[in-house]
Amino acid sequence: MDQASHLRNIIKGSQVNMQDSKARVITVTSGKGGVGKSNISVNLAINLRRQGKRVVIFDADFGLANIEVIFGIVPKNNLFDLVYKNMEITEIITQGPYGVEFISGGNGVNDIINLDKNQIDYMIRMLYKLDCLADVIIIDTGAGISNSVMDFINASNEMILVTTPEPTSVTDAYAVIKAMKRRRMDMTDRKINLLVNKVNSDQDGLEVYEKLNKVCKRFLSIELNNIGFLPNDRLLEKSVIEQKPVSILYPKSSISKGFEVLADRILNETSYKEEKSKGLSSLFSNLIKIKGK
Ligand SMILES: Nc1ncnc2c1ncn2[C@@H]1O[C@H](COP(=O)(O)OP(=O)(O)OP(=O)(O)O)[C@@H](O)[C@H]1O
Ligand SMILES: [Mg+2]
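Residues numbered from 1 in each chain as written. Chains lettered and ligands numbered in written order. Predicted model: local features only at pLDDT ≥ 70, side-chain atom pairs only at ≥ 80, totals over all residues.

Visitor: What is the right way to look at the site of ligand 1 in this model?
Guide: In the region of ligand 1, 20 residues are neighbours, and Gly33, Gly36, Lys37, Ser38 and Asn39 sit closest. At the level of secondary structure, the elements contributing two or more residues to the shell around ligand 1 comprise helix 2 (37-50), strand 7 (191-199) and helix 9 (234-241). Looking at the shell around ligand 1 residue by residue, the class counts come to 6 nonpolar, 9 polar and 5 charged. (Near = placed C-beta within 6 Å. Helix = DSSP H or I, 4+ residues; strand = E, 2+ residues; numbered from the N terminus. Nonpolar A, V, L, I, M, F, W, Y, C, P; charged D, E, K, R; others polar.)

Visitor: Any chance you could explain the packing of helix 7 (residues 167-182) against helix 8 (residues 202-220) here in plain terms?
Guide: Helices that pack against each other are described as a pair by the angle of their axes relative to one another and the distance between those axes. Following both chains from N to C, one finds helix 7 and helix 8 inclined at 30 degrees, their axes separated by 11 Å at the closest point. In terms of their interaxial angle, helix 7 and helix 8 are classed as roughly parallel. By crossing handedness, the relation of helix 7 to helix 8 is classed as right-handed. Where helix 7 abuts helix 8, its residues Val170, Ala173, Tyr174, Ile177, Lys178 and Lys181 lie against Val208, Leu212, Val215, Cys216 and Leu220. (Axes fitted to C-alpha atoms, helices over the stretch in contact; angles between N-to-C directions. Parallel < 35°, antiparallel > 145°, perpendicular 65-115°, else oblique. Left-handed = near helix turned anticlockwise from the far one by under 90°. Contact = placed C-beta atoms within 7 Å.)

Visitor: Just to check I follow, could you spell out the pairing of strand 7 for this structure?
Guide: Remark: a regular strand shows side chains that alternate across the two faces of the sheet. The element strand 7 is largely enclosed, with a buried count of 8 among its 9 residues. Examined bridge by bridge, strand 6 (residues 158-163) and strand 7 share 6 bridges and lie parallel to one another. For glutamate 158, the partnering residue across the bridge sits in strand 7 and is lysine 191. With helix 7 bridging strand 6 and the parallel strand 7, this β-α-β connection has right-handed handedness. For strand 7 and strand 8 (residues 225-231), the ladder comprises 5 bridges, and the chain directions are parallel. (Buried ≥ 20, exposed ≤ 12 C-beta atoms within 10 Å, placed from the backbone. Pairing = 2+ DSSP bridges. Right-handed = clockwise from strand over helix to strand, strands pointing away.)

Okay, here's the thing in structure tokens:
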């Protein structure tokens, strides 16, 4: 049996019933690097937590470990310790400030291909437990259209695509959407939320959204959802240097207000409420199916 059919059979025979997973999973991604994904993941998580949600960030920017740097906390274990050392899901969750928790993805999706049936079953069962513990799981991915990032996007049904107004960043965001189309990702249950970061004014952000949306509609027949804009704020840079999330260090800054609005928007997304959350366990099952293709 080849590796692909091996993985497909594993997931087909998986014991876990994923029908009642609760956690909402939001994948944060971008075409160009350094546009603010990790800071957005962290500060969005803090604001969702302030609204009473239990939030876990999954650091899928494998090997670069952005989340721990922003929090200034080093996690003891990662997802693959869970599989290889039979740990409980709670043992790989690291506590961050304000009750926001995070998990390091370890070496990444390529390790998944080496897992056997029992290990995959165990991992999916543990992730299912996490789905029952968390309300929202935010996945911070790396930038670009590498297979690993595209696989994550393919497995997710809700994503925030981050760009800045810089033309190179917008072009690279378009490249991500084009790569989704090229991979024939099913767009029916999928929503691309465009977030324009580092804007000088809302007008600035709106222009970026409208331009990109127009091109996506015309050439890819894809409509983007405008999830909002975040201001360019020097205090965010300062907070990164101090290794404390800006929403905690400078709660009254314009960028922190922007994160509050973003969290409200995400919680009030009407179209989302009608959907059933599929959870991280379901995302990983999809990921394994995709890797097995
Ligand atoms: N709204 C903002 N205002 C000012 N500076 C910002 C803003 N957003 C991001 N930055 C700057 O950009 C830097 C990179 O941010 P961040 O690490 O969150 O990006 P990233 O997209 O996760 O990067 P990578 O692709 O390397 O993972 C920050 O350290 C900060 O200096
Ligand atoms: Mg990052």
